[in-house]
Amino acid sequence: MRAIEPMSVTSVRLRGFEIGFETFGDPSNPAVLLLPMWQIVHCRAWKFQIPYLARNYYVIVMDAAGNGLGERTTDPRAFQYERIAAQAIDILDLLEIDRAAVVGFSRGASYGVLVAALYPERVASLVLIAGKVTGDWDSLESSLTWDVPREGFFEQKSHYPGWDKFNAHFWRERYPEFQEFFFNEIFPEPHSTKA
């Protein structure tokens, strides 16, 4: 059971890949676009924020390819940051929204930077939470460092203690164990299991 049900749930093919989005609240209110966080979680990760925001805003949450309402694919083009930023704008176009407050959390912060940099006229405000963006502004793309795999990411190891679990081989063999480790690390507070 959800605290608030979506007004609409849409899956649509944009920029070559199927993505999805949900809307909440009154469409006549100012729009807030909550960007995808990472393929490890879908848009329901925003479940605590949506009911509160939907009281005064028209809330849109999106799933890029790879999770939730998005298609499953192994095509790496589906995960290009500029493509996801453009898909966010395409959603605003479909909903006939000229400008929105854009919110990015984790990897979504990088998507938010791109949305604001490439489509500034569409962004009323930008909120970035817990993202990883470097200060190398000579190249916007090089400042969005999530695309660079961790050192040793593709290296097969005999064991994977701690953050060594952030590894392609470990994911292929023991992905649920990685998920448990990852979420225990990012939600270490007592009683944070609901998140």
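Cut-offs and rules
Residues numbered from 1 in each chain as written. Predicted model: local features only at pLDDT ≥ 70, side-chain atom pairs only at ≥ 80, totals over all residues. Heavy atoms only, no water. Buried < 20%, exposed > 50% of the residue type's maximum accessible area, 1.4 Å probe, protein only. Helix = DSSP H or I, 4+ residues; strand = E, 2+ residues; numbered from the N terminus. Pairing = 2+ DSSP bridges. Contact = heavy atoms within 4.5 Å. Expected span 1.5 Å × (residues − 1). Bend = angle between axes of the 7 residues up to and from the residue. Polar contact = N/O pair within 3.5 Å; in protein donor to acceptor, adjacent residues only side chain to side chain. pLDDT = per-residue confidence, 0-100. Axes fitted to C-alpha atoms, helices over the stretch in contact; angles between N-to-C directions. Right-handed = clockwise from strand over helix to strand, strands pointing away. Patch = residues over 30% accessible without salt bridge, like charges linked within 9 Å, V, L, I, M, F, W, Y side chains within 5 Å. Areas by Shrake-Rupley, 256 points an atom, 1.4 Å probe, with all protein chains shown as cover. Salt bridge = Lys/Arg side-chain N within 4 Å of Asp/Glu carboxyl O. Phe/Tyr/Trp six-rings, centres within 6.5 Å; stacked < 30°, edge-to-face > 60°. Lys NZ or Arg CZ within 6 Å of the ring centre and 35° of its normal.

Asks: Can you help me understand the pairing of strand β2 (residues 17-24) in this one?
Replies: One face of the sheet, then the other: side chains in a regular strand alternate in exactly this way. Most of β2 is tucked away: 7 of the 8 residues are buried. Sheet analysis places strand β1 (residues 8-14) next to β2, joined by 7 bridges and oriented antiparallel. Counted as the bridge partner of Ser-8 is Thr-23 from β2. The turn linking β1 back onto β2 is made up of 2 residues, and Arg-15 within it adopts a positive phi angle of 55°.

Asks: Quick question: what am I supposed to make of the environment of Ala-31 here?
Replies: Locating Ala-31 in the fold gives a position in strand β3 (residues 31-34). Taking the C-alpha atoms as reference, Ala-31 lies 5.9 Å from Val-59; in sequence the two are 28 residues apart. Among residues more than four places away in sequence, those in contact with Ala-31 are Tyr-58, Ile-60, Ile-97, Arg-99, Ala-100 and Ala-101.

Asks: Looking at this structure, how should I read unusual backbone geometry?
Replies: For residues besides glycine, phi is generally negative; the peptide bonds are generally trans as well. One non-glycine residue with positive phi stands out, namely Glu-96, at about 60°. As for its position among the elements, Glu-96 is in the loop between α2 (81-94) and β5 (100-105). Judged by relative accessible area, which is 72%, Glu-96 ranks as exposed. Here the phi dihedral of Ala-130 falls at roughly 50°; this positive angle occurs in a residue that is not glycine. Looking at the element boundaries, Ala-130 is found in the loop between β6 (123-129) and α4 (140-143).

Asks: When you look at helix α5 (residues 168-186) in this model, what are you seeing that I'm missing?
Replies: Helical geometry: 3.6 residues make up each α-helical turn, so side chains three or four residues apart lie on a common side. Under the 1.5 Å per step criterion, the end-to-end length of α5 is only 20 Å for 19 residues, more than 12% shorter than the ideal 27 Å. For α5, the principal kink sits at Arg-174 and spans about 110°; a proline, Pro-176, occurs within the next four residues. All of the buried residues in α5 are Ala-168, His-169, Phe-170, Phe-178, Phe-181 and Phe-182. One side-chain oxygen of the residue at the start of α5 lies 2.8 Å from the amide nitrogen of His-169, identifying that residue as Asn-167.

Asks: Whenever I open this one, the confidence of the model for the chain confuses me. Can you help?
Replies: The predicted coordinates ought not to be read in detail in places where the model reports low pLDDT. Put simply, the chain has an average pLDDT of 88, and 88% of its residues get 70 or more. Confidence, expressed as mean pLDDT per element, reaches its minimum in the chain at α4 with 49 and its maximum at β3 with 98.

Asks: In this structure, what is going on with helix α3 (residues 107-118)? I would like to understand it.
Replies: For α3, built from 12 residues, the straight-helix expectation of 16 Å at 1.5 Å per residue is met to within 8% by its first-to-last C-alpha distance of 17 Å. The buried fraction of α3 is high, at 10 of 12 residues. Buried residues of α3: Arg-107, Gly-108, Ala-109, Ser-110, Tyr-111, Gly-112, Val-113, Leu-114, Val-115 and Ala-116, and no others.

Asks: Any chance you could explain the sheet that holds β2 here in plain terms?
Replies: Within a beta sheet, neighbouring strands are joined by backbone hydrogen bonds and run either parallel or antiparallel to one another. Read across the open sheet, the 6 strands follow the order β1-β2-β4-β3-β5-β6; overall the sheet is mixed. Edge strands, defined here as strands with exactly one partner in the open sheet, are β1 and β6. Strand-to-strand, the axes of this sheet are offset by a mean angle of 20°, without reference to chain direction. For β2 and strand β4 (residues 58-63), the ladder comprises 5 bridges, and the chain directions are antiparallel. Of the residues in β4, the one forming a bridge with Thr-23 is Ile-60.

Asks: Can you walk me through the pairing of β6 in this structure?
Replies: For β5 and β6, the ladder comprises 6 bridges, and the chain directions are parallel. Within the sheet, the bridge partner assigned to Ala-100 lies in β6 and is Val-123. Between the parallel pair β5 and β6, the chain is carried across by α3, and the sense of this crossover is right-handed.

Asks: Looking at this structure, I do not really get a nonpolar patch on the surface. What am I missing?
Replies: A contiguous nonpolar patch, built from Phe-105, Val-127 and Ile-129 and spanning about 200 Å² of accessible area, is present on the exposed surface. Overall, the relative accessible area of 33% leaves Ile-129 in the partly exposed class.

Asks: Sorry, what's going on with the packing of aromatic side chains here?
Replies: Working definition: an aromatic ring pair is given by the centre-to-centre distance plus the angle between the planes. Taken as a whole and judged by the stated rule, the model has 16 aromatic pairs. Members of the aromatic cluster, joined through ring pairs, are Phe-153, Phe-154, Trp-163, Phe-166, Trp-171, Tyr-175, Phe-178, Phe-181, Phe-182 and Phe-183. A cation over an aromatic ring shows up here: Lys-47 above the ring of Phe-48, its NZ or CZ 5.7 Å from the ring centre. Positioned above the aromatic ring of Phe-181, the side-chain terminus of Lys-165 is 5.2 Å from the ring centre.

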